[in-house]
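Fold and contact review
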Amino acid sequence: MPTRLPRPGHGEVISSQWQSLKPAEPEFDVVVIGGGSAGYAAARTAIALGARTAVIEGGAEVGGLCILRGCMPSKSLLESAHRWHDINRAREFGLVVKAVEVDMKCVQARKRHLIGGFASYRRKQLRRGKFTFLRGHASFLDAHTLLLEQGRVQEIVTAETFILATGSVITRVPVPGLWEAGCLTSDTALEAERVPKRLAVLGGGVIAVELGQFFARMGAKTTILQRSKRIVRNYDPDVSLELERALKAEDIDVRTGVKLLEVRANGKEKKGKKIIFKRGAKREEIVVDEILYALGRKPALEGLNLEKAGVVLADGQLKISDTMATTAPHIFAAGDVAGPHEVVHIAIQQGEWAARNAVRHLRRSPEPPDRFDYRLKTQVTFTDPEIASVGLTETEATAQGIEFLSAKYPFSDHGKAQIGGYEFGFVKLLAEKGRGEIIGAEIIGPHASDLIHELIAVMRYRGTVQELAAMPHYHPTLAEIVTYPAEEIAEQLANR
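Structural notes, computed from the coordinates. (Residues numbered from 1 in each chain as written. Predicted model: local features only at pLDDT ≥ 70, side-chain atom pairs only at ≥ 80, totals over all residues. Heavy atoms only, no water.)

A word on the layout of surface pockets
- Volume-wise, the second largest pocket comes out at about 740 Å³.
- Lining the second largest pocket are 29 residues, with His-82, Asp-86, Arg-217, Asp-384 and Tyr-422 sitting closest to its centre.
- For the lining of the second largest pocket, the secondary-structure elements that each account for two or more residues are α4 (71-88) and α8 (237-249).
- It is α4 that provides the largest number of residues to the lining of the second largest pocket, a total of eight residues.
- Of the residues assigned to the lining of the second largest pocket, the class counts are ten nonpolar, eight polar and eleven charged. (1 Å grid on protein atoms, 1.4 Å probe; cavity = no way out; pocket = protein on both sides within 12 Å on 5 of 7 lines; lining within 4 Å. Points joined across faces, edges and corners; volume = space filled by probe spheres on them. Helix = DSSP H or I, 4+ residues; strand = E, 2+ residues; numbered from the N terminus. Nonpolar A, V, L, I, M, F, W, Y, C, P; charged D, E, K, R; others polar.)

Structure representation (structure tokens):
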């Protein structure tokens, strides 16, 4: 167990006595710092391999970013907004709905109930696991020693290897006057119990468009201000434009190519907030009641004292190899803190990879380390229409010099989508020019987050467009739409 240090004076950190109290041999084989999705996966894997393992969680709450302030609470809110949007379209389907209103307190109560259940389950997993679970803030004293602090209690934790799974925090991009005027962030917006009349969203990434549409559907007059020339830049341009078209159809004002200049409290009575910005040479301004700051997140590394462990950073980022190792060969990383794709299923895989390679390292195993492969990287944006992708985009394939064929088919021309009233979106496939192996897919449209999994399965086994086109699909279903671009590419290949 950890070694308790003598109680320090107020504000004092023990810096000299720990060396004399440090055990001769490390107490643990693997110590995981962070108890979220990546950290739990790493600890579970290390224990299964017979390693003496500890998990340290320093957050005020236990559960991890996905459960507490990410995927799950945001999707709960979005589900309420999407249901409300469907109710407002009822007459289109011949239905008359009366006396329905938004109750944000009830929306939040439902979310908190769900999150409470998810977090409770994660706490049980951590506390009842076969590993040692420790609470407190961890910082390195040397390459194999941590100082664990909880309040005024300080302990020493030693290990052969470490896995960093500390997640991410909000990046504070400097915008003059913004923080003085006040704003919602991607964390605090999830707790909002009122909908502002006028909302400006700073940013155009996944968080920005999801929460921007949420507030718009709940009644806010919403403006999205994006620095780059298009929103959701991690997808291809045609996907970005289709989402922008859908958002504008809901009267969401999307402005791209924006340079933020200043935020001010508006007028002497300070009613509202004025945002001043430029688009090209033109200076513009808008007045809103609230601002949602959604300009990104960064790895949570502050206070870890990684330099004492021999870990080198590059512009505040960890340098991670495909074995999930940092620049210190006995320290690995997984999840948001490691990047490059901040999504849960990848975080879990990274945690498993990191644990296996950490155990190999401490046992001096002659086995080659596992190397992480992002061939099947999957991304989803839970707007309406949803966006999902797997593998390469056209932009990425072109940048890598890969010769490919692509084809897409719109939902607006698909029978089941028309029946459902789905106007926007398409399915796009990419296949290499040789045997027609599918190397990428993007779906923007209804249930894209579910439909993408058929393509993940086909790509997992290196399937071709010819094989996908030949697979039977029930009619009428949304799923059958994937066969149409597959047939088009297969025909192109046959005629070459």
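A few points about helix α12 (residues 448-460)
- Along its 13 residues, α12 runs 18 Å from first to last C-alpha, staying within 8% of the 18 Å computed at 1.5 Å per residue.
- Buried residues of α12: Ala-448, Ser-449, Leu-451, Ile-452, Glu-454, Leu-455, Ile-456, Val-458 and Met-459, and no others.
- Along its buried surface, α12 packs onto β21 (378-381), β22 (386-391), β24 (426-432), β25 (438-445) and α13 (465-470).
- Phi for Arg-462, located one or two positions after α12, is positive at around 55°. (Expected span 1.5 Å × (residues − 1). Buried < 20%, exposed > 50% of the residue type's maximum accessible area, 1.4 Å probe, protein only. Contact = heavy atoms within 4.5 Å.)

Concerning the pattern of salt bridges
- Enumeration according to the criterion identifies 33 salt bridges in this entry.
- For Asp-289, the salt bridge goes to Arg-198, with nearest N and O atoms at 2.9 Å. A residue pair is termed long-range when its members are at least 10 positions apart, and Asp-289 in the loop between β15 (282-288) and β16 (290-293) and Arg-198 in strand β10 (residues 198-202) qualify at 91 residues.
- Classification of Asp-289 by relative accessible area gives partly exposed; the value is 25%.
- By relative accessible area, which is 31% here, Arg-198 ends up partly exposed.
- Connected via shared salt-bridge partners are Asp-236, Asp-238, Glu-394, Lys-408, Lys-428 and Glu-442. (Salt bridge = Lys/Arg side-chain N within 4 Å of Asp/Glu carboxyl O.)

What to know about the sheet that holds β25
- The strand order β21-β22-β25-β24-β23 describes an open sheet built from five strands, whose pairing is antiparallel. Sheet topology places β21 and β23 (404-410) at the edges, where each strand pairs with a single neighbour. Shown here is a sheet whose adjacent strand axes are inclined to one another by a mean of 10°, direction ignored.
- Summarising the sheet, β21 and β22 pair through four bridges and their orientation is antiparallel. Opposite Gln-379, over in β22, you have Ser-389 as the bridge partner.
- Each of β23 and β24 touches helix α14 (residues 483-494); the most contacted strand, β23, lies at about 145° to it. (Pairing = 2+ DSSP bridges. Axes fitted to C-alpha atoms, helices over the stretch in contact; angles between N-to-C directions.)

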